[in-house]
Amino acid sequence: MQGSARRRPFPAVAPGCPPPAGPPFPGRHGAAKGEDSFKTSPFHLDLWFYFTLQNWVLDFGRPIAMIILPLEWFPLNKPSAGDYFHMAYNVITPFLLLKLIERSPKTLPRSMVYVSIITFVMGASIHLVGDSVNHRLIFSGYQHHLSVRENPIIRNLKPETLIDSFELLYYYDEYLGHSMWYIPFFLILFIYFTGCFTPVAKESRMPVAALLLVGPSSLYYWYLVTEGQIFILYIFTFFAMMALVMHQKRKGLVLDSNGLFLFYSFIITLVLIAGWVAWLWNDKILRKKYPGVIYIPEPWAFYTLHMSNLHAAKE
């Protein structure tokens, strides 16, 4: 009797009484996860505000801080104020991206998110070094609207192999660094976007705070796409968002407030890029630097070509 009692897998239950509560069955657990994917998150005002603020201050503001602050404070052979801005950006942005993923009502692939964050930090760090040197060259007469070999301060270097070194630096800054930085960034935004759908039509509204933030957010994305020369990456991400919205609409799902904020930001960004290209369409000098079918000049190339000359003339 004692041996048989030890072999009982479950405690005895009196007739007519329900079994004791236990962990849900695998099938029910899967159903619960499926239901969680349709929960609606409130608008993340704090995260989107921090994103917008740090993007404008730490990313867009870093070259401005480098130019405005006195050169005596940050000698050319030391990191500039913009470099410290960039360092802060490399730490804060991955943290905000992780917090954004954590608030998604849908369970997202963690491995892909972690690999993307690691690659993002590597790319942004590579860009930090290359961008630091390239922007410091402005004080020596470097002109961003010209290629590396066409710049007066570069083409006279001896030996000529030094020019190859500067081209390698430009490659790390503008190509490798940007690719490893922006591809994971847009991938994480898209992964988050996949969880921003709800069957409740009433939840598909943008609060007033979102309407106030969508303008600055869109303007920053315009700067990101034009200065980073990542229009193809941006437009493919936008097309993927549109395709997902149409696919989910057939299932009776609509975007929640966070999804609408992100989607409308990308739409306004496209309008701003179109206006920027139309404005500089007939600029022959910028056309020479940006040949090919896709013509999207960089804002800093426009600055060194037109605005810096204007400031010099006033002085």
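Parameters at a glance
- Residues numbered from 1 in each chain as written.
- Predicted model: local features only at pLDDT ≥ 70, side-chain atom pairs only at ≥ 80, totals over all residues.
- Heavy atoms only, no water.
- UniProt positions renumbered as here; feature names shortened; annotations may be inferred.
- Helix = DSSP H or I, 4+ residues; strand = E, 2+ residues; numbered from the N terminus.
- Core = buried A, V, L, I, M, F, W, Y, C linked by side-chain atoms within 4.5 Å.
- Buried < 20%, exposed > 50% of the residue type's maximum accessible area, 1.4 Å probe, protein only.
- Contact = heavy atoms within 4.5 Å.
- Phe/Tyr/Trp six-rings, centres within 6.5 Å; stacked < 30°, edge-to-face > 60°.
- Lys NZ or Arg CZ within 6 Å of the ring centre and 35° of its normal.
- Polar contact = N/O pair within 3.5 Å; in protein donor to acceptor, adjacent residues only side chain to side chain.

It is worth spelling out the UniProt feature "transmembrane region" (unreviewed entry) in the protein chain at this point. Listed under "transmembrane region" (unreviewed entry) in the UniProt record, and renumbered for this structure, are residues 47-69, 84-101, 113-130, 181-201, 208-224, 230-247 and 259-281. Helix makes up 62% of residues 181-201 and strand makes up 10%, while its end C-alpha atoms are separated by 36 Å. In residues 208-224, the share of helix is 100% and the share of strand is 0%. The end C-alpha atoms are 25 Å apart.

Within the largest apolar cluster, 61 residues are counted, with the highest numbers of intra-cluster contacts made by Trp-48, Leu-262 and Phe-266. Contributing elements (two or more residues each) for this core: α3 (45-68), α4 (81-102), α5 (110-136), α7 (161-193), α8 (208-228), α9 (231-250), α10 (257-279) and α12 (299-314). With near-sequence residues (within four places) excluded, Leu-262 lies in contact with Trp-48, Leu-189, Tyr-192, Phe-193, Tyr-221 and Met-241. One finds Leu-137, Val-148, Ile-154 and Ile-163 within the second-largest nonpolar core, a separate group that totals five residues.

All right, on to the packing of aromatic side chains then. Overall, the coordinates contain 32 aromatic pairs when judged by the stated rule. Centroid distance Phe-43 to Phe-261: 5.5 Å. Interplanar angle 75°. Geometry classified as edge-to-face. Note that Phe-43 is positioned in the loop between α2 (26-36) and α3 and Phe-261 in helix α10, a separation of 218 residues in sequence. Neither Phe-43 nor Phe-261 differs from the other in exposure class; each is buried. Directly above the aromatic system of Trp-281 lies the positively charged group of Arg-287, at a separation of 4.1 Å from the ring centroid. Across the ring face of Tyr-295, the terminal group of Arg-287 is positioned such that the distance to the ring centre comes to 4.1 Å.

Right, let's get into the side chain of Asn-55. With respect to the helices and strands, the residue Asn-55 is situated in helix α3. Engagement of the side chain of Asn-55 in a polar contact is seen with the backbone oxygen of Phe-51, the distance being 2.9 Å. In contact with Asn-55, not counting residues within four places along its chain, are Phe-60, Tyr-89 and Tyr-220.

With that out of the way, let us pick up the environment of Tyr-290. Considering the arrangement of structural elements, one finds Tyr-290 in the loop between α11 (284-289) and α12. Taking the C-alpha atoms as reference, Tyr-290 lies 9.8 Å from Leu-146; in sequence the two are 144 residues apart. Setting aside anything within four residues of it in sequence, one finds Tyr-290 in contact with Gln-229, Tyr-295, Ile-296, Pro-297, Glu-298 and Ala-301. Looking at Tyr-290, its side chain comes within polar contact range of the side chain of Glu-298, at 3.0 Å.

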